[in-house]
Amino acid sequence: MYNFKTHIFIITLLLVEAFVYAQNPVYENMSDVSALPDVEFYDITEDNQNYIWLAANKGLYRYNGKNYKHFSHPKQRGNSVFQLKFDTENQLWCNNVYGQLFYVENDSLNLFYDANKLVKGQLANFEILENSIRLFTVIGIFDIDKSTKQVTEVFKGMCITNAKDNSSNYTFIINHEGDLERHRLYKFDSNSNIKILEITSSNRIQSPKIFAFKTLFFLRTKVLMKMSFIK
């Protein structure tokens, strides 16, 4: 779960033309080729046709090495988009703070689903599964069927942060059991979930961050650090 106010970052964009000459890579600044379309960028990625995609404050842009093409949708709320991700068919997806999920098809931006009631004004992380889009929100985890758009609740709880490694997603969730507040780390696969860790503390866990690798994960907070090997 991303917080819009604290997790926006500005990145310096470079177009890299990588070739080996005396073992020194050559970098070309994109702004030297053409004027950048914005000053705030939240994500950048490259597709299999070597187009550069930019998630910016003013919207989604595609760079072909010379010019920028802007993508928008008539029902889009706000201009900013975040979290550029490709599915297995190299189709680009992104979202915004209003819970709208978009994908690019036929050279246009399409609205997949409006999850405004689920995200509660927060920028929610999402994951692309085979048959659905999984959304991690402040009220729980939901799967949105790609064909029917039917929403299924996968898990209840406040998703604070998560990280993905291969087919697994590690999510730090706050569960409420009566008057008790439980801080737990779960491992989610496409059809199952396992509780990996539970933190018992009289203090509220602050600013947790997960880093996932092939055989282990790290959970970093302001009060402690945990490391565990995943079997």
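For the structure itself, look to the data block above.
Residues numbered from 1 in each chain as written. Predicted model: local features only at pLDDT ≥ 70, side-chain atom pairs only at ≥ 80, totals over all residues. Heavy atoms only, no water.

Colleague: Can you tell me about the environment of Ile133, naming the residues and giving the values?
Modeller: Its place among the elements puts Ile133 in strand β12 (residues 132-136). Separated by 32 residues in the primary sequence, Ile133 and Leu101 place their C-alpha atoms 9.1 Å from one another. Ile133 has contacts with Trp93, Leu101, Phe112, Phe126, Glu127, Ile128, Phe142, Asp143, Ile144 and Lys146, leaving out every residue within four places of it along the chain. (Helix = DSSP H or I, 4+ residues; strand = E, 2+ residues; numbered from the N terminus. Contact = heavy atoms within 4.5 Å.)

Colleague: I'd love a proper account of the nonpolar core, names of residues and values included.
Modeller: By size, the foremost hydrophobic cluster in this structure holds 14 residues, and its most contacted members are Trp93, Leu101, Phe112, Phe126, Ile133 and Leu135. Secondary-structure elements contributing two or more residues to this core are β9 (100-105), α2 (116-119), β11 (125-128), β12 and β13 (140-145). Apart from residues lying up to four places away in sequence, Trp93 is in contact with Gln83, Leu84, Lys85, Asp87, Phe102, Tyr103, Phe112, Phe126, Ile128 and Ile133. Grouped together as the second largest cluster of nonpolar side chains are eleven residues, Trp53, Phe71, Val81 and Leu92 included. (Core = buried A, V, L, I, M, F, W, Y, C linked by side-chain atoms within 4.5 Å. Buried < 20%, exposed > 50% of the residue type's maximum accessible area, 1.4 Å probe, protein only.)

Colleague: With reference to specific residues and values, describe the environment of Asn175.
Modeller: Along the chain, Asn175 falls in strand β16 (residues 168-177). Of the residues examined, Asn175 reaches a relative accessible area of 8% and is grouped as buried. Separated by 17 residues in sequence, Asn175 and Met158 place their C-alpha atoms 6.7 Å apart.

Colleague: Let's hear about the side chain of Asn169: which residues, and what values?
Modeller: With respect to the helices, strands and loops of the structure, Asn169 is situated in strand β16. At 3.2 Å, the side chain of Asn169 and the side chain of Glu127 are in polar contact. For Asn169, the side chain forms a polar contact with the side chain of Thr171, separated by 2.9 Å. Not counting chain neighbours up to four residues away, the residues in contact with Asn169 comprise Glu127, Phe136, Asn162, Ala163, Lys164, Tyr186, Lys187 and Phe188. (Polar contact = N/O pair within 3.5 Å; in protein donor to acceptor, adjacent residues only side chain to side chain.)

Colleague: An account of the pattern of salt bridges is requested, with residue identities and associated values reported.
Modeller: Overall, the coordinates contain eight salt bridges when judged by the stated rule. Residues Asp114 and Arg77 are paired through a salt bridge, measuring 2.6 Å at the closest nitrogen-oxygen approach. A residue pair is termed long-range when its members are at least 10 positions apart, and Asp114 in strand β10 (residues 108-114) and Arg77 in the loop between β6 (68-71) and β7 (82-86) qualify at 37 residues. Overall, the relative accessible area of 29% leaves Asp114 in the partly exposed class. Between Glu198 and Arg184 there is a salt bridge, with the nearest N and O atoms lying 3.3 Å from each other. One end of the pair, Glu198, is in strand β18 (residues 193-199); the other, Arg184, is in strand β17 (residues 180-188), with 14 residues separating them in the sequence. Each of Arg182, Arg184, Lys195 and Glu198 takes part in one network of salt bridges that share partners. (Salt bridge = Lys/Arg side-chain N within 4 Å of Asp/Glu carboxyl O.)

Colleague: Kindly report on the sheet that holds β12, identifying the contributing residues and their values.
Modeller: On the basis of which strands lie adjacent, the open sheet formed by four strands has the order β11-β12-β13-β14 and antiparallel pairing. Two strands lie at the open edges of the sheet, namely β11 and β14 (151-156), each paired on one side alone. When the angles between neighbouring strand axes are averaged without regard to direction, this sheet yields 20°. (Pairing = 2+ DSSP bridges. Axes fitted to C-alpha atoms, helices over the stretch in contact; angles between N-to-C directions.)

Colleague: Lay out the packing of aromatic side chains in plain terms, naming residues and giving numbers.
Modeller: Remark: the centre distance and the inter-plane angle together describe each pair of aromatic rings, the angle taken between the planes. One pass over the structure, following the stated rule, counts eight aromatic pairs. Ring centres of Trp53 and Phe71 lie 5.1 Å apart, and the angle between their planes is 45°; this geometry places the pair in the tilted category. Remark: Phe71 occurs in strand β6 and Trp53 occurs in strand β4 (residues 52-56); sequence separation between them is 18 residues. Taking the relative accessible area as the measure of exposure, Trp53 reaches 4% and is therefore buried. (Phe/Tyr/Trp six-rings, centres within 6.5 Å; stacked < 30°, edge-to-face > 60°.)

Colleague: A description of the sheet that holds β10 should follow, citing residues and the corresponding values.
Modeller: Strand order in this open sheet of four strands is β7-β8-β9-β10, and the pairing throughout is antiparallel. The open sheet has two free edges, formed respectively by β7 and β10, since each of these has just one partner strand. Strand after strand, the sheet turns through a mean of 25° between neighbouring axes, direction not considered. Pairing of strand β8 (residues 92-95) with β9 involves three bridges; the strand directions are antiparallel. Each bridged residue has a counterpart across the sheet, and for Trp93 the counterpart in β9 is Tyr103.

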